[in-house]
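Below, each chain spelled out in residue letters.
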Amino acid sequence: QNVTSINKRIAKLKTVGVSLTQECVDTVAVFSDAVVKVKSATSREDLEDAQDVMSSMEELGQCRQTIEQLISAPSMLKKATATIKNLKKKKVDVAEAEALLTAIQAKWTNLKSGVPQNSDVEAFLEEMEGLGDTVMPLMDKPENQKQGAAVFESGFLDTIVGWFGL
């Protein structure tokens, strides 16, 4: 069931236009093989071999988390763009946030252009977190706590907090 679920999420990731990192592809393959071994086990030794592989569930969980983060990236980028645009309309200095957003969008384009490495994905996600850290103080100003800022705050920040346990 877990293998089917993660394969569905991988398919969803492809619809976003991003390939899974090779490290995660390998982890999912090893896990899938272990499931097959468990299902076809005829001896205790077969089960023990599969159990050793199953002990690496943490790696599979990390891959699942990475997949979920990448699937939600397009909507987060859209929300971030809208929030920065709204803050700019309110005459808030968003130069730093705009520069970060431009860099993040370039990284996103790079992630979509091939098979990303874990370091590429981590750098993208760290920059997304940095963008949230940059924009939040701009939204905390009382005159900016109107319509547009709430879009960014409600979706993006909750996602970042969920990802990184902040």
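Computed from a predicted model, the values in this text were never measured in an experiment. (Residues numbered from 1 in each chain as written. Predicted model: local features only at pLDDT ≥ 70, side-chain atom pairs only at ≥ 80, totals over all residues. Heavy atoms only, no water.)

Peer 1: So what's going on with the nonpolar core? Which residues, and what values?
Peer 2: Nonpolar side chains in soluble globular proteins tend to end up buried together. With 38 residues, the main nonpolar core has Leu-70, Trp-108, Phe-124 and Leu-131 as its most contacted residues. When residues of this core are traced back to their parent elements, those giving at least two are α1 (2-16), α2 (22-39), α4 (57-89), α5 (95-112) and α6 (118-139). Top element by residues in this core is α4. It accounts for 11 residues. (Core = buried A, V, L, I, M, F, W, Y, C linked by side-chain atoms within 4.5 Å. Buried < 20%, exposed > 50% of the residue type's maximum accessible area, 1.4 Å probe, protein only. Helix = DSSP H or I, 4+ residues; strand = E, 2+ residues; numbered from the N terminus.)

Peer 1: How would you summarise unusual backbone geometry if you had to cite specific residues and measurements?
Peer 2: Unusually for a residue other than glycine, Lys-91 sits at a positive phi of about 65°. With respect to the helices and strands, Lys-91 occurs in the loop between α4 and α5. Lys-91 gets classed as exposed once you look at its relative accessible area, which sits at 75%.

Peer 1: A description of the pattern of salt bridges should follow, citing residues and the corresponding values.
Peer 2: Summed over all chains, the structure comprises 3 salt bridges. For the salt bridge of Glu-98 with Lys-88, the shortest nitrogen-to-oxygen distance reads 3.0 Å. Highlighted residues: Glu-98 in helix α5 and Lys-88 in helix α4, separated in sequence by 10 residues. According to the relative accessible area criterion, Glu-98 is partly exposed, its value standing at 29%. When the shortest N-O distance is used, the salt bridge between Lys-107 and Glu-127 registers 3.5 Å. (Salt bridge = Lys/Arg side-chain N within 4 Å of Asp/Glu carboxyl O.)

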